[in-house]
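# Breakdown of the fold
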Amino acid sequence: MSKQKQAAPLMETIVSLCKRRGFIFQASEIYGGIGNTYDYGPLGVELKRRVKEAWWSRTVTERADVVGLDSAILQNPKVWEVSGHVGGFTDPMVDCKTCKGRFRADKLEDARCPEKPSKIPGECHGELTEPRSFNLMFKTNVGPVEDSGSIAYLRPETAQGIFLNFLNVQQSARLKPPFGIAQIGKSFRNEITPGNFVFRTREFEQAEMEFFVPPAENDKWYDFWRNERFRWYSDLGIREEKLRLRDHDADELSHYSNATCDVEYEYPFGWGELEGIACRTDFDLKRHSEASGTRLEYFDPQTKEHYMPYVIEPAGGIDRMALTFLIDAYDEEELEKETRTVLHFHPEIAPTTVGVFPLVKKDGMPEKAQEIAKELRRARFSTFYDEKAAIGRRYRRQDEVGTPYCVTIDGDTMAEDVVTVRDRDSMEQERVPVAELRGWLDEAVRNWKRG
Ligand code: ATP
């Protein structure tokens, strides 16, 4: 029966699976890498694309009250002064006078020094400095001259681009609160703490949505989005016992928020934030209105009143979501003669939906299988064709990357136009007429439930 691996080995196993099968590679690997930075390979790109599509579909496409935006990474530096990031987006850091390592003062227990054997900072003979503030934003220069007037920042969150465009979007799309503006895009933070793979990286993709509401409706929508975001993960197959909603204590709240909760997941390294849902009040619209002189308000044509909406913000990281789907899906099952490694991805998250195999490389089977694979690709199923190795081995290779369905073309296909569809989770096989294959797969994807 299935068993989950223990903490550290599970992370190591996932990292090695990701490299071996082409999900995630260390960035600049041939030059020794660059801290907390990763590249996504063929399957990783597909996984992330699926996560983004699932998020966008649920948050934007399926709703009448949310629209999308794609704002620039570089904005006027004033934006980050006004948002509070230049002054306040800092972590308290300490340096070790012996090994010169720099660590987050509030996360020392998670840190390891660069010395060998590696120790928790402070538990060696080294002396630590007093904590100092360290700004997490990456600075750069725009234009030909590198001086103080040309400083720009890589955005540390996508949210500000949404606030800046509040009026542009509200007026052009003729929206009335409650409504949301959603965006997926890269953000950058000069993170110092060790990464736990792609859990914490220096560049990452965020999926954020600012939901603008009449202030009196704040609590109702905060409740709605907390539950909705929790449900999204469980609907996509994440085990509910591994998820929880945790309210922030008053002393944890960001400067802009009067209530925040995190959707947390129980990672192999402990419970951690997967996404945050924050009440940002009218903090951002108010600050940008005051600083820019443009009143970022809603004008209600019926009541003839101007007001500044309150904002509920679900903010998650696509990379962290992808990692969570990988960890949660991972299993090793003891079969009679072997251990089967399998990723139990929801079919909408799985990088490949269907594997197509000719049973043998003769009797017209490869040609027929190629034809069926082409049909499935045309029907927008992510399809992988494989004619190498024994059929059992081909199933295992697809199990390991989480492909939910494998279609085998055999003698019966040639005689009666019937294929065998093998289910990843139950390993059961079913005969399906070729003419019904698309419909069968559509239904299987729609009705999938985690066993
Ligand atoms: P943490 O406490 O883990 O640093 P945060 O509270 O600073 O996260 P937010 O600013 O609320 O994070 O960002 C929203 C989401 O963006 C997080 O829930 C997480 O999923 C993702 N995220 C934030 N920082 C990173 C990072 N360095 N690498 C990957 N994802 C990140």
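All figures in this text were calculated on a predicted structure; none of them were measured in a lab.

Reading the values: the criteria
- Residues numbered from 1 in each chain as written.
- Predicted model: local features only at pLDDT ≥ 70, side-chain atom pairs only at ≥ 80, totals over all residues.
- Heavy atoms only, no water.
- Domains from an automatic or database assignment.
- Contact = heavy atoms within 4.5 Å.
- Buried area = accessible area lost by both parts, 1.4 Å probe.
- Salt bridge = Lys/Arg side-chain N within 4 Å of Asp/Glu carboxyl O.
- Polar contact = N/O pair within 3.5 Å; in protein donor to acceptor, adjacent residues only side chain to side chain.
- Helix = DSSP H or I, 4+ residues; strand = E, 2+ residues; numbered from the N terminus.
- Buried < 20%, exposed > 50% of the residue type's maximum accessible area, 1.4 Å probe, protein only.
- Phe/Tyr/Trp six-rings, centres within 6.5 Å; stacked < 30°, edge-to-face > 60°.
- Expected span 1.5 Å × (residues − 1).
- Pairing = 2+ DSSP bridges.
- Axes fitted to C-alpha atoms, helices over the stretch in contact; angles between N-to-C directions.

### Side note on the domain arrangement of the protein chain
Domain assignment breaks the protein chain into domain 1 (2-85 + 141-326), domain 2 (90-135) and domain 3 (352-446). Taking the mean C-alpha position of each, domain 1 and domain 2 sit 28 Å from one another. The interface is formed by seven residues belonging to domain 1 together with nine residues belonging to domain 2. Approximately 590 Å² of surface area, both sides summed, lies buried where domain 1 meets domain 2, with 59% of it carried by carbon and sulfur atoms. Where domain 1 touches domain 2, the interface holds zero salt bridges. Where domain 1 meets domain 2, there are one residue pair in polar contact (both at pLDDT 80 or more).

### Focus on the pattern of salt bridges
For the structure on display, the rule yields 44 salt bridges. The salt bridge involving K186 is made with E203; its shortest N-O contact spans 2.6 Å. Here the residue K186 occupies a position in strand β10 (residues 179-188), and E203 occupies one in strand β11 (residues 203-213), the gap between them amounting to 17 residues. Note on K186: relative accessible area 31%, which makes it partly exposed. Between K242 and E266 there is a salt bridge; the shortest N-O distance is 3.9 Å. Here E266 lies in strand β13 (residues 259-267) and K242 lies in the loop between α7 (218-235) and β12 (243-247), a separation of 24 residues in the sequence. Assessed through its relative accessible area of 32%, E266 is described here as partly exposed. Here the salt bridges share partners, and the residues they tie into one network are E333, E338, R340, R396, D399 and R422.

### Focus: the packing of aromatic side chains
One pass over the structure, following the stated rule, counts 19 aromatic pairs. Note on Y38 and F197: the rings are 5.1 Å apart at their centroids and 85° apart in plane angle, and the pair reads as edge-to-face. Residue Y38 is located in strand β3 (residues 38-40), and its partner F197 is located in the loop between β10 and β11; the two are separated by 159 residues in the primary sequence. Ring geometry for Y265 versus Y267: centroids 5.0 Å apart, planes at 70°, classification edge-to-face.

### A short note on helix α9 (residues 318-329)
The end-to-end C-alpha separation of α9 is 16 Å, in line with the 16 Å expected for 12 residues at 1.5 Å each. Of all 12 residues that make up α9, 12 are buried, and the element is covered over most of its length. By the burial criterion, the buried members of α9 are I318, D319, R320, M321, A322, L323, T324, F325, L326, I327, D328 and A329.

### Let's talk about unusual backbone geometry
With an omega of 5°, the peptide bond running from P177 to P178 counts as cis. Checked against the element boundaries, P178 lands in the loop between α6 (166-172) and β10. In this structure, T281 is a non-glycine residue whose phi angle is positive, near 50°. Note that T281 resides in strand β14 (residues 270-281).

### Some points on the sheet that holds strand β5 (residues 90-95)
Read across the sheet, three strands follow the order β6-β5-β7 without closing on themselves; strand pairing throughout is antiparallel. Each of the sheet's edge strands pairs with one partner strand only, and the pair in question is β6 (102-104) and β7 (132-135). Taken over all neighbouring pairs, the strand axes of this sheet differ in orientation by 50° on average, direction set aside. Judged from the three bridges that link them, β5 and β6 form a sheet pairing that is antiparallel. Within the sheet, the bridge partner assigned to V94 lies in β6 and is F103.

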